Structure formats: structure tokens, C-alpha cells
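# Structural overview
As a plain string of letters, each chain reads:
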Amino acid sequence: MRKTIMAAFAAATLLLTSGAPAFAATSTHSHTTSAGWCQKKQPSGRYYYLHKKHWDCVSPGAFCSTAQRNAYGYSMRAAAHAKRYKCVRYPSNTWHWKPKP
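Before going into details, it helps to say that this report is about the structure given with it.

Cut-offs used in this document
- In this convention, every chain numbers its residues from 1, walking through the sequence in written order.
- Two thresholds apply to this predicted model, a pLDDT of at least 70 for residue-level local features and 80 or more for giving and counting side-chain atom pairs, whereas whole-chain, interface and lining totals are computed over all residues.
- Each side-chain value is derived from all of the structure's non-hydrogen atoms; neither hydrogens nor water enter the calculation.
- Should DSSP find at least two bridges between two strands, the strands are regarded as paired.
- Under the scheme used here, helices are H or I runs from DSSP no shorter than 4 residues and strands are E runs no shorter than 2 residues, and both carry numbers assigned from the N terminus.
- The angle between two axes is taken between their N-to-C directions and runs from 0 to 180 degrees, where each axis is a line fitted to C-alpha atoms and a helix contributes only its stretch in contact.
- When two rings of Phe, Tyr or Trp (its six-membered ring) have centres within 6.5 Å they constitute a pair, described as stacked for plane angles under 30 degrees, edge-to-face for angles over 60, and tilted for the intermediate range.
- Accessible area is worked out with a 1.4 Å probe on protein chains only. A residue is then buried under 20% of its type maximum, exposed over 50%, and partly exposed in between.
- By the criterion adopted, a ring carries a charge over it if an Arg CZ or a Lys NZ lies within 6 Å of its centre and within 35 degrees of its normal.
- N or O atoms closer than or at 3.5 Å make up a polar contact, with two conditions inside protein: a donor-capable atom paired with an acceptor-capable one, and, for residues adjacent in sequence, both atoms drawn from side chains.
- Pairs of residues are marked as contacts when any of their non-hydrogen atoms sit within 4.5 Å.
- When the sulfur atoms of two cysteines come within 2.5 Å, that pair is taken as a disulfide.

## Quick notes on the sheet that holds strand β4 (residues 84-89)
Here five strands make up an open sheet; going across it, the order is β1-β2-β3-β4-β5 and the pairing mixed. Looking along the sheet, the strands with just one partner apiece sit at the ends: β1 (49-51) and β5 (95-99). Each adjacent strand pair in this sheet contributes to an overall mean axis angle of 40 degrees, direction not counted.

See below:
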């Protein structure tokens, strides 16, 4: 049993260290990359920004800052203003961007 686990671990390590070929295919999917309109870094040093009464280029599921709490935002992983999110408090007392219907 121990040899099987060690062999699996060694195989996984080899795949992870081989790098580019294993991950090249996944990095081009839209759910892992940001939309072109969110590529520009803002003066604050971040890629998301406040636009009038909502936030643009938010990361779905990511933590919200204090200024973003209970605010609406649009995903950085979709076309402009296609997917709407709200910064809500989870039972763990943390704030995250959650999809809105």
C-alpha cells in the first residue's frame, strides 16, 4: 500500500514539475483568464475598480474589501457587464463575491 501511494505521489510530482505542456491547455479557457477589458492595472495597483455605483472586474468567489461590502460588481471572467455579483457576508463571517440571479 505504501509503495502505491509513493508511486502516485511521484507521478503527480513529475506532472507538476513538467510545467508548460500540462497547463498550457487549461490557461486558454475563459474561466481561468480575465476578459480583455480587465487587463489594465488601475492607478490603485489593482485590476478591479469602482465605476459609478458598481465595481468592475471582480473575481467571482474572491474576498471583498470593506469598501465593496453589500455592493454589486461584474465579473472579470466574462464579457463586460455579463455576469453580476454581489459582495455578501458568508456564515464564516467573511465577505465574498456571490453570483446574483
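Moving on, there is more to tell.
## Details of the pairing of β4
Examined bridge by bridge, strand β3 (residues 72-75) and β4 share three bridges and lie antiparallel to one another. Following the sheet pairing, Tyr74 is matched in β4 by Arg84. When β4 meets β5, the two strands line up antiparallel, connected through five bridges. Residue pairing for β5: Cys87 is matched across the bridge by Trp97. Connecting the antiparallel pair β4 and β5 is a turn made up of five residues, with Asn93 showing a positive phi of about 65 degrees.

## Things to note about the packing of aromatic side chains
With the rule as written, the count across this model stands at one aromatic pair. A ring pair is formed by Tyr48 and Trp55, whose centres lie 5.8 Å apart and whose planes are at 65 degrees; its orientation type is edge-to-face. For Trp55, a relative accessible area of 11% translates into the label buried. One cation-aromatic arrangement involves Arg84 over Tyr72; the distance from NZ or CZ to the ring centre is 3.9 Å.

## Notes on the side chain of His54
As for its position among the elements, His54 is in strand β2 (residues 54-58). Judged by its relative accessible area of 16%, His54 is buried. Side-chain polar atoms of His54 contact the side chain of His81, separated by 3.2 Å. Dropping the residues within four chain positions of it, His54 is found in contact with Tyr49, Tyr72, Tyr74 and His81.

## Focus on the pairing of β3
Bridge count between β2 and β3: two bridges; the pairing is parallel. Paired with Trp55 across the strands is Gly73, a residue of β3.

## Here we look at the state of the cysteines
For the structure shown, the criterion picks out two disulfides. The disulfide partner of Cys38 is Cys57, and the S-S distance across this bridge is 2.1 Å. Disulfide Cys38-Cys57: torsion about the S-S bond near -90 degrees, hence left-handed. Residue Cys38 is found in the loop between α2 (20-24) and β1, and its partner Cys57 is found in strand β2; the two are separated by 19 residues along the sequence. Judged on exposure class, the residue Cys38 and its partner Cys57 are both buried. Note on cysteine connectivity: Cys64 is disulfide-linked to Cys87, with sulfurs 2.2 Å apart. Judged by the sign of its S-S torsion, about 135 degrees, the cystine formed by Cys64 and Cys87 is right-handed. Taken together, the positions of Cys64 in the loop between β2 and β3 and Cys87 in strand β4 put the pair 23 residues apart, joining distant regions of the chain. By relative accessible area, Cys87 is classed as buried at 0%. Taking only the cysteines that form disulfides and numbering them from first to last, the chain has the pattern 1-2, 3-4.

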